[in-house]
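# Fold and geometry: a report
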Amino acid sequence: MLALSEADAALGHLQGLGHLITDPHLLIGPYVTREALASSRIEGTQASLAEVLQAGAEAEADEAERASGDVAEVEAYVKATYRGLELIQTLPITQRLMLDVHRVLLTGVRGEARLPGQLRRSPVWVGSPTDSPDTAVFVPPLPEHLGGLLSDWERFVNEPGPTPALIRCALMHYQFETIHPFLDGNGRIGRLLIGLLLHQEGRLTTPLLYLSGYLEAHRREYYERLQAVRERGAVQQWLQFFLTAVQRQAVDGVDRAGELVRLREGWVSEATRSRSRVGELIPLLFANPFVTVRRVETALGVTNQGGRNLIRDAEARGWLAMTHVRGRGRRQYWLARKVFEIIEAPPLYERRRSAEAGAGSDSTRFAAEDHEDMPAVGEPARPDRANAPRGTL
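Residues numbered from 1 in each chain as written. Predicted model: local features only at pLDDT ≥ 70, side-chain atom pairs only at ≥ 80, totals over all residues. Heavy atoms only, no water.

The secondary structure content of the protein chain amounts to 17 helices and 3 strands. Looking at the 393 residues of the protein chain, the share that counts as buried comes to 52%. Across the protein chain, every contact between residues at least 6 apart in sequence was considered, and the portion connecting residues at least 24 apart equals 71%. Total accessible area computed for the protein chain in this model is approximately 17,700 Å², and 52% of it derives from carbon and sulfur atoms. (Helix = DSSP H or I, 4+ residues; strand = E, 2+ residues; numbered from the N terminus. Buried < 20%, exposed > 50% of the residue type's maximum accessible area, 1.4 Å probe, protein only. Contact = heavy atoms within 4.5 Å. Areas by Shrake-Rupley, 256 points an atom, 1.4 Å probe, with all protein chains shown as cover.)

Shown next, in the form of structure tokens:
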């Protein structure tokens, strides 16, 4: 299968990048945040990359204000990702790992009342809020069958076999979404597990693949491909879609990392010619391009004035620009705009398509395509949150 070969090669390049870069951990933060944001947006969460990064900068400096519900959900996804990466070092992908990650995902956010870290104990169905089991798009298995189904799922995920890792990832994700073991968070956990399985298989040991970016942009097709497997056994079409997503996002991940590395190397070279400690800001800016004086103080162990001096130096070099003032204390925020623009830029395949078609005609086409990828009328706003009978929560 050509799609498998191309996706394998692209993923191999991304894995190799993690080995070649001196400190790939400097790239992990932005990549994990992008994945968390896109995966949460698929379920209807409304938050921007800037809002999430700014909230992260505040949390690092221990000066966070209460985040909005949407931002808090993305932050919980980031925490769940790191929890999963921690657990996968010593545990296989099992119910124990899955339930722990699910608990982190739903703790302190809107789904907190929907059994975080526990399998559902009531029947559910997937569809619009007005649907019943008779009219729903999909009715997952009854709760009494979950134990056996998840045991089969665990065996498929963990037992060695001839099936290529990417094919196993695609089938694992389909099976998980179809079992639908939770009242809430099924889609987000299912996508998070893709990265963990790639890590377990040794195919991607640093989380540099933000697959949900493609799935969000092609949201309607994503839902339809999964449902077509359930209804018609259209496995080949689902595999083609999944492998295309992996290939395109892996290629974009390599390109984006290259841009970030080149920018970082330029700044490091510039900083080495200075007697200032400004070079110590660089890892901070690439982990999260939003900074406050307090964040610099906390991270570098400098005084308030020392932090201001470093920010002023970086500002003079064009690395930082003040963006706004916020909060009761009129806290000032600076942004490493060049870093942010690389992180936020559209994926490489969209940029290439735009360049080929021309800015004028392409903007119209993208708008139409974006409209086509929106959920159809009647699709659930939160497809990873199943409907349940009243009185069962």
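After that view of the structure, there is still more to cover.
Here we take up the environment of A59. Residue position: A59 is located in helix α3 (residues 49–60). With relative accessibility at 48%, the residue A59 sits in the partly exposed group. It is 8.8 Å that separates the C-alpha atoms of A59 and R295, two residues lying 236 residues apart in sequence.

Our focus in this paragraph is the layout of surface pockets. The probe, sized like a water molecule, is rolled over the atoms to show the empty space still left. In this structure, the second largest pocket spans a volume of roughly 590 Å³. Contributing to the lining of the second largest pocket are 26 residues, with G56, A59, E75, V78 and K79 lying nearest its centre. Going through the elements one at a time, α2 (25–42), α3 and α4 (69–87) are the ones with two or more residues in the lining of the second largest pocket. Among the elements that line the lining of the second largest pocket, the one with the most residues is α4, at 7 residues. The residue makeup of the lining of the second largest pocket, split by class, is 12 nonpolar, 9 polar and 5 charged. (1 Å grid on protein atoms, 1.4 Å probe; cavity = no way out; pocket = protein on both sides within 12 Å on 5 of 7 lines; lining within 4 Å. Points joined across faces, edges and corners; volume = space filled by probe spheres on them. Nonpolar A, V, L, I, M, F, W, Y, C, P; charged D, E, K, R; others polar.)

A few words on the pattern of salt bridges. For the structure shown, the criterion picks out 20 salt bridges. Among the charged side chains, a salt-bridge network with shared partners connects D252, D255, R256, E259 and R351. (Salt bridge = Lys/Arg side-chain N within 4 Å of Asp/Glu carboxyl O.)

Now for the packing of aromatic side chains. Evaluation of the coordinates by the stated rule reveals 13 aromatic pairs. With centroids separated by 5.3 Å and ring planes inclined at 70 degrees, the aromatic side chains of Y31 and Y210 adopt a geometry described as edge-to-face. Taken together, the positions of Y31 in helix α2 and Y210 in the loop between α8 (186–200) and α9 (212–217) put the pair 179 residues apart, joining distant regions of the chain. For Y210, a relative accessible area of 2% gives the class buried. Ring plane angle 50 degrees and centroid distance 5.7 Å describe the contact between W153 and F176, whose orientation is recorded as tilted. (Phe/Tyr/Trp six-rings, centres within 6.5 Å; stacked < 30°, edge-to-face > 60°.)

Below, the discussion takes up the sheet that holds strand β3 (residues 331–335). The strand order β1-β3-β2 describes an open sheet built from 3 strands, whose pairing is antiparallel. The open sheet is flanked by β1 (290–291) and β2 (321–326), the only strands paired with a single partner. Here β1 runs beside β3; their pairing, made up of 2 bridges, is antiparallel. Pairing of F290 across the sheet is with L335, part of β3. (Pairing = 2+ DSSP bridges.)

This paragraph deals with the packing of α4 against α8. Two elements in contact, α4 and α8, have axes separated by 10 Å at closest approach and are oriented at 30 degrees. With respect to α8, the element α4 is oriented roughly parallel. Note that α4 runs across α8; the crossing there is right-handed. Facing α4, whose interface residues are E73, Y77, A80, T81, G84 and L85, α8 presents R188, R191, L192, L196 and H199. Per-class residue counts for the contact of α4 with α8 are 5 nonpolar, 3 polar and 3 charged. (Axes fitted to C-alpha atoms, helices over the stretch in contact; angles between N-to-C directions. Parallel < 35°, antiparallel > 145°, perpendicular 65-115°, else oblique. Left-handed = near helix turned anticlockwise from the far one by under 90°.)

Another aspect to go through is the nonpolar core. Grouped together as the largest cluster of nonpolar side chains are 107 residues, with contacts concentrated most on W153, L193, W238, F242, W267 and L281. In contact with W238, not counting residues within four places along its chain, are A170, L171, H173, Y174, Y222, R225, L226 and V229. (Core = buried A, V, L, I, M, F, W, Y, C linked by side-chain atoms within 4.5 Å.)

Moving on, we come to empty space enclosed by the protein. Summed over the entire model, instances satisfying the criterion amount to 1 cavity of 30 Å³ or more. Each pocket or cavity is described by its volume, and for the largest cavity that value is around 250 Å³. Contributing to the lining of the largest cavity are 19 residues, with E35, L192, G195, P207 and L209 lying nearest its centre. Those elements giving two or more residues to the lining of the largest cavity turn out to be α2, α4 and α8. Here the lining of the largest cavity is composed, by residue class, of 13 nonpolar, 4 polar and 2 charged.

In this section: the packing of α2 against helix α11 (residues 235–272). Viewed as axis vectors pointing N to C, α2 and α11 meet at an angle of 135 degrees, and their least axial separation amounts to 11 Å. Considered as vectors, α2 and α11 are oriented oblique to each other. Along this stretch, α2 crosses α11, giving a crossing that reads as right-handed. Between α2, through L26, L27, Y31 and R34, and α11, the contact on the second element is made entirely by G253, R256, A257, L260, V261 and R264. Residues belonging to the contact of α2 with α11 are distributed by class as follows: 6 nonpolar, 1 polar and 3 charged.

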